[in-house]
Amino acid sequence: MNTLPFWKKFSSVCISYKLPIILLFIILTGLSIPGILKLNISVNMESFFLEGDPIIKNQKKFKKLFKNNDFIGVLVESKDIFSKNSLEAIKQISTSLTKNVPFAKQAVSILDAKNPLFNSPQLSFKHNRLISNKDEITKFKSYYKADISQQGVLYSKDHTEAWVLLTLKSYPSKNKWKENKDPLFDVGKAAYNAVKSIQK
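Residues numbered from 1 in each chain as written. Predicted model: local features only at pLDDT ≥ 70, side-chain atom pairs only at ≥ 80, totals over all residues. Heavy atoms only, no water.

To continue, consider the sheet that holds strand β1 (residues 71-77). What the three strands build is an open sheet, ordered β1-β5-β2; its pairing is antiparallel. Each edge of the open sheet carries a strand with a single partner, namely β1 and β2 (104-108). Going from strand to strand, the sheet's axes swing by 20° on average, the running direction of each strand aside. Strand direction decides the pairing type here: β1 and strand β5 (residues 161-168), joined by seven bridges, are antiparallel. The residue of β5 that forms the bridge with L75 is W163. The sheet contacts of helix α4 (residues 84-100) involve β1, β2 and β5, and relative to β5 the element is tilted by about 15°. (Pairing = 2+ DSSP bridges. Helix = DSSP H or I, 4+ residues; strand = E, 2+ residues; numbered from the N terminus. Axes fitted to C-alpha atoms, helices over the stretch in contact; angles between N-to-C directions. Contact = heavy atoms within 4.5 Å.)

We note that N128 has phi near 70°; this positive angle belongs to a residue other than glycine. With respect to the helices and strands, the residue N128 is situated in the loop between β3 (125-126) and β4 (129-130). You will see that H159, though not glycine, has its phi angle at about 65°, which is positive.

End to end, helix α5 (residues 134-146) covers 18 Å across 13 residues, agreeing with the expected 18 Å (1.5 Å per residue, within 8%). Residue N133 occupies the N-cap position of α5, its side-chain oxygen lying 3.2 Å from the main-chain nitrogen of D135. (Expected span 1.5 Å × (residues − 1). Polar contact = N/O pair within 3.5 Å; in protein donor to acceptor, adjacent residues only side chain to side chain.)

Below you can see the structure in the form of structure tokens.
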């Protein structure tokens, strides 16, 4: 009785008939190319659900009210997100995303959040460089470090992380969008390049 494991038998067969097997794979690859060229890649959540699913219905209601529920988020990590270098980095990321990402609507961060009820302090920048004086910076830091409502939302409670969020405009309709990929692919690629360019 032959006790050789199955995989040894299989490898032996492959070695004996390697040319026909290679030829078979070449033929199968050639036959699959037309289908691959027509492959439509999507990251749209709707493609994962049936048409009548409650999740899709709620998403459509949301889009009807707010137009687009997609956004880009960049997490900035630092020993102190209220330091001069960190604030300038947040400003640079906000500016770069708004300028370079298609369908960009508005960047939101601790630099953009305003509370009209409490007259929240704002910082001044020139060419993404912080130009506010020391008193203005100190007032800004004190305000947000004491603002419990925004801690854990736009920035972490330990002040080592902060979000830069980019809201997006409505995407073109399928009739107007001629690309095979969803617009979100272009948005994601542009956002990655925008942030990567700052790190250089």
